[in-house]
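As a plain string of letters, each chain reads:
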Amino acid sequence: MDYTKKMLRDDALKGKTIVVTGGGSGLGKAMTAYFLELGANLVITSRNIEKLQAVKTELESQTGGKVLAVQCDVRNYDEVEAMLNASVEAFGKVDVLLNNAAGNFISPTERLSANAFDTIIDIVLKGTKNCTLAFGKYWIKNKETEKVVLNIVTTYAWTGSAYVVPSATAKAGVLAMTRSLAVEWAKYGMRFNAIAPGPFPTKGAWDRLLPGDLKEKFDLAKKVPLKRVGKHQELANLAAYLVSDFSSYVNGEVITIDGGEWLKGAGQMNLLEEVPKEMWDMLEMMIRAKKND
Ligand code: HXC
Ligand code: NAP
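Quick caveat: nothing in here was measured; it's all calculated off a predicted structure.

K.L.:
Help me out: how do you make sense of the site of ligand 1 in this one?
P.N.:
With respect to spatial proximity, 17 residues lie near ligand 1, and among them Arg47, Asn104, Ser113, Asn115 and Arg208 are the closest. Within the side chain of Ser113, a nitrogen or oxygen atom sits 2.5 Å from an oxygen atom of ligand 1. Taking Arg208, its side chain carries an N or O atom lying 2.8 Å from an oxygen atom of ligand 1. A total of 1100 Å² of accessible area belongs to ligand 1 in isolation, and the protein chains cover 59% of it.

K.L.:
Before we go on, may I ask you to explain the sheet that holds strand 5 (residues 147-152) in this structure?
P.N.:
The pairing of strands in a sheet happens through backbone hydrogen bonds and is either parallel or antiparallel. Strand order in the open sheet made by the 7 strands is 3-2-1-4-5-6-7, with parallel pairing throughout. The open sheet has two free edges, formed respectively by strand 3 (67-71) and strand 7 (254-257), since each of these has just one partner strand. Mean inter-strand twist for the sheet, computed between neighbouring axes without regard to direction, equals 20 degrees. Pairing analysis gives 5 bridges linking strand 1 (residues 17-21) to strand 2 (residues 41-46), with the strands arranged parallel. Each bridged residue has a counterpart across the sheet, and for Ile18 the counterpart in strand 2 is Leu42. Against the sheet, helix 2 (residues 49-63) touches strand 2 and strand 3, its axis set at about 175 degrees to strand 3. Packed on one face of the sheet, helix 6 (residues 165-184) meets strand 5, strand 6 (190-197) and strand 7 and runs near 150 degrees to strand 6.

K.L.:
I would appreciate a short explanation of the site of ligand 2 in the present structure.
P.N.:
Inspection of the region around ligand 2 gives 28 residues, with Ser25, Ser46, Arg47, Asn100 and Thr202 positioned closest. Within the contact set of ligand 2, a nitrogen atom lies 3.0 Å away from a backbone nitrogen or oxygen of Val74. Within the contact set of ligand 2, an oxygen atom lies 2.8 Å away from a side-chain nitrogen or oxygen of Lys171. When the free accessible area of ligand 2 is taken as 880 Å², the share hidden by the protein chains comes to 90%. Elements with a minimum of two residues in the shell around ligand 2: helix 1 (26-37) and helix 7 (203-209). With 3 residues, the single largest contributor to the shell around ligand 2 is helix 7.

K.L.:
Is there a simple way to explain the environment of Asn115 in this structure?
P.N.:
For Asn115, the location among the structural elements is in helix 4 (residues 114-141). Take Asn115: its relative accessible area is 53%, and that puts it in the exposed class. C-alpha separation for the pair Asn115 and Asn104, spaced 11 residues apart in sequence, amounts to 13 Å.

K.L.:
Honestly, helix 6 in this entry has me stumped. Any pointers?
P.N.:
Since the α-helix turns once every 3.6 residues, residues separated by three or four places project in the same direction. Between the first and last C-alpha of helix 6 there are 28 Å, a value that for 20 residues agrees with the 28 Å anticipated at 1.5 Å per step. Every buried residue of helix 6 is listed here: Pro166, Ser167, Ala168, Ala170, Lys171, Val174, Leu175, Met177, Thr178, Leu181 and Ala182. Looking at the packing, one finds that the buried side of helix 6 touches helix 4, strand 5, helix 5 (156-159), strand 6 and strand 7.

K.L.:
How should the nonpolar core be read in this particular structure?
P.N.:
Within soluble globular proteins, side chains that are nonpolar tend to cluster in buried spots. Core analysis: the biggest nonpolar cluster contains 36 residues, and Ile18, Met31, Phe35, Leu42, Ile195 and Val243 have the highest contact counts within it. With 7 residues, helix 9 (residues 232-243) is the largest single contributor of residues to this core. Aside from chain neighbours lying at most four places away, what touches Ile195 is Leu150, Asn151, Ile152, Val153, Leu235, Leu238, Ala239, Leu242, Ile255 and Ile257. In this structure, Phe91, Cys131, Phe135 and Met190 belong to the second largest nonpolar core, which totals 26 residues.

K.L.:
For this particular structure, what's the right way to read the packing of aromatic side chains?
P.N.:
Ring pairs (aromatic) are described by centroid distance and by the angle formed between their planes. Applying the stated criterion to the full structure yields 3 aromatic pairs. Consider the rings of Trp158 and Trp262, whose centres lie 5.5 Å apart with planes at 80 degrees: the pair is edge-to-face. Of this pair, Trp158 sits in helix 5 while Trp262 sits in helix 10 (residues 261-266), and the two are 104 residues apart along the sequence. Centroid distance Trp185 to Phe192: 6.1 Å. Interplanar angle 50 degrees. Geometry classified as tilted. For Phe192, a relative accessible area of 1% puts it in the buried group.

K.L.:
Can you help me understand the pattern of salt bridges in this one?
P.N.:
Inspection of every chain in the model, using the stated rule, returns 15 salt bridges. Taking the shortest distance from any N to any O, the salt bridge between Asp73 and Arg75 comes out at 3.0 Å. Accessibility expressed as a relative area gives 18% for Asp73, which makes it buried. Residue classification places Arg75 among the partly exposed residues on the basis of a relative accessible area of 26%. Sharing partners across several salt bridges, the network here consists of Lys93, Asp95, Glu144 and Lys147.

The rules behind each value
- Residues numbered from 1 in each chain as written.
- Chains lettered and ligands numbered in written order.
- Predicted model: local features only at pLDDT ≥ 70, side-chain atom pairs only at ≥ 80, totals over all residues.
- Heavy atoms only, no water.
- Near = heavy atom within 4 Å.
- Polar contact = N/O pair within 3.5 Å; in protein donor to acceptor, adjacent residues only side chain to side chain.
- Areas by Shrake-Rupley, 256 points an atom, 1.4 Å probe, with all protein chains shown as cover.
- Pairing = 2+ DSSP bridges.
- Helix = DSSP H or I, 4+ residues; strand = E, 2+ residues; numbered from the N terminus.
- Axes fitted to C-alpha atoms, helices over the stretch in contact; angles between N-to-C directions.
- Contact = heavy atoms within 4.5 Å.
- Buried < 20%, exposed > 50% of the residue type's maximum accessible area, 1.4 Å probe, protein only.
- Expected span 1.5 Å × (residues − 1).
- Core = buried A, V, L, I, M, F, W, Y, C linked by side-chain atoms within 4.5 Å.
- Phe/Tyr/Trp six-rings, centres within 6.5 Å; stacked < 30°, edge-to-face > 60°.
- Salt bridge = Lys/Arg side-chain N within 4 Å of Asp/Glu carboxyl O.

Given below as structure tokens:
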């Protein structure tokens, strides 16, 4: 099976302007590249303008599309408003906000300073809030409709997770924001959805979640029923669908794309996967024998 095939038709996002926070690396860059191929104009933002400029040059020559690179720390509301203004000035409008920027690292929670905890909450939750509020208010004020906000969360937004507690706390807040505004701002012509990815190897995530030889020690593919990690194009396909007009009736949804990973951890008897096939005849016999006890 080829997981890298592209899903939508070539002009699926033609005429749309899409802002991707954290669009200069990892999954943000993969989604940006595919949106460009589908005809959209892209704004990529993060703290590192040199990185963004290099990605702009690379993706414009690769796809023939247009990219605006804007330095913007999502923790700072003034910078977010300036980024919105720069996007409108360049492309006349913005149709989609993709809240993808994030910060995260593994740590026992008792080792975290108050500032370390705040840093993750500020990037993930406050950053998503800053962008959503600025863009939402702008669309409402200008009576612009048919807008989409897509948030990237994780599956531990609802299960929680040890050792990434600030991230889990912040992503849970983003999920609540997604569902709340899907209802409240539908009347202004906005849709809100989220994607919850399982493991998709990126340098940013792997350096902070699996440093050193943890990469070899904890093979994340083994935790996934499908026995593999995700390919970036698979996520880009889902994101493209959710920001396109093809998903016009999807609102307030969180779509998990994790090969079944979180459910494997959740089901009480899932551990029976360890039982060898040959043992099932004997186990069945033992259970049946208890019928009249
Ligand atoms: C404990 C740490 C720490 C660590 C930083 N801090 N790293 N504490 N363990 N490993 C503390 C610092 O000492 C400081 O607190 C506070 O956190 C802020 O650190 P700074 O370095 O000043 O912050 P900043 O420069 O803003 O950098 C933010 C960052 C960094 C999050 C720490 O890693 C970053 O820029 N990350 C962006 C990219 C990223 O994280 N990508 C991964 C996303 S993966 P004090 O008290 O000393 O001032 C993801 C996956 C989800 O989200 C699910 C996967 C399955
Ligand atoms: P990544 O490459 O590290 O992406 C994070 C991006 O956020 C970077 O481009 C970074 O750019 C930007 N960023 C960080 N702090 C910022 C700030 N204060 N202001 C603006 N931008 C900031 O990691 P990734 O794996 O692609 O993650 C992308 C998204 O997917 C995140 O929301 C993450 O939580 C989610 N996710 C990933 C996985 C996975 O397996 N990879 C799984 C579940 C969820 P700068 O450093 O230049 O600012």
